[in-house]
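# Geometric and topological summary
Below are the chains, spelled out letter by letter.
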Amino acid sequence: MSDLHFEHTAWNSELSFEKDELKIFQNRLEEVASRWTTKEVMIQVEHFQNNFLRHNEVIDTLKHDVNSHEKELVDFVEEHPVASDHVHFKDHTAFRDKIETQRKLYAELKTEFLRFLTETM
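To start, this report covers the structure provided alongside it. (Residues numbered from 1 in each chain as written. Predicted model: local features only at pLDDT ≥ 70, side-chain atom pairs only at ≥ 80, totals over all residues. Heavy atoms only, no water.)

### Some points on the overall build of the protein
The helix and strand tally for the protein stands at three helices and zero strands. Overall, the protein shows an N-to-C arrangement of helices and strands of α-α-α. Here the C-alpha radius of gyration of the protein, 19 Å, is well above what a compact globule of 121 residues would show, namely 14 Å. Overall size of the protein, expressed as C-alpha extent along the three principal axes, is 65 × 20 × 15 Å. Classification of the 121 residues of the protein by burial places 29% in the buried group. Considering only contacts within the protein whose residues lie at least 6 apart along the sequence, 85% involve residues at least 24 apart. If you sum the accessible surface of the protein, you get close to 8000 Å²; carbon and sulfur atoms cover 56% of it. Within the protein, the 25 negative side-chain charges are centred at a point lying 6 Å from the centre of the 15 positive side-chain charges. (Helix = DSSP H or I, 4+ residues; strand = E, 2+ residues; numbered from the N terminus. Rg over C-alpha atoms; globule rule 2.2 N^0.38 Å. Buried < 20%, exposed > 50% of the residue type's maximum accessible area, 1.4 Å probe, protein only. Contact = heavy atoms within 4.5 Å. Areas by Shrake-Rupley, 256 points an atom, 1.4 Å probe, with all protein chains shown as cover. Lys, Arg positive; Asp, Glu negative; His and termini not counted. Charge placed at Lys NZ, Arg CZ, Asp CG, Glu CD.)

And the structure:
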């Protein structure tokens, strides 16, 4: 149980960090948009805006799912305080896979965006 809780906490922290970083990236993207008006750059700006929005949506969904699972664990412990120390909880492999996928996709987006910034700033 404590391992699952630790993982939930770590995931929430990681997702919050990504969400904060996306705000910084969005501000930087607005700077690019104000400096460049060429069609090629504006297409890239729109591409990143759409990706930032999509990643924010995915992060919100993942945070909701993680918090819902955490609440299920807490509810179980409150209903079965003695048994919670002796029950083996099913691993949350599906959650772990979703987080790992998000981590990979976010890293790719970040790399692509930073490369774009070096070309335009």
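### Remarks on the packing of aromatic side chains
All told, the structure shown has seven aromatic pairs when counted by the stated rule. Centre to centre, the rings of Phe-25 and Phe-113 are 5.1 Å apart; their planes meet at 45 degrees, and the pair counts as tilted. Here Phe-25, found in helix 1 (residues 2–35), pairs with Phe-113, found in helix 3 (residues 93–120); they are 88 residues apart in sequence, far enough to count as distant. An identical accessibility class is assigned to Phe-25 and Phe-113; each is buried. Through pairs of rings, three or more aromatic residues link up here, namely Phe-25, Phe-48, Phe-52, Phe-113 and Phe-116. (Phe/Tyr/Trp six-rings, centres within 6.5 Å; stacked < 30°, edge-to-face > 60°.)

### Description of the pattern of salt bridges
Tallied over the entire structure, the rule returns 11 salt bridges. Where Lys-23 meets Asp-20, a salt bridge forms, and the shortest distance between an N and an O atom there is 3.8 Å. Highlighted residues: Lys-23 and Asp-20, both in helix 1, separated by three residues, approximately one helical turn. Relative accessible area serves as the criterion here: at 52%, Lys-23 is assigned to the exposed category. For the salt bridge of Lys-71 with Asp-75, the shortest nitrogen-to-oxygen distance reads 3.1 Å. Taken together, the positions of Lys-71 and Asp-75, both in helix 2 (residues 39–79) and four residues apart, correspond to about one turn of that helix. Within the structure, one salt-bridge network assembled from shared partners comprises Glu-14, Glu-100 and Arg-103. (Salt bridge = Lys/Arg side-chain N within 4 Å of Asp/Glu carboxyl O.)

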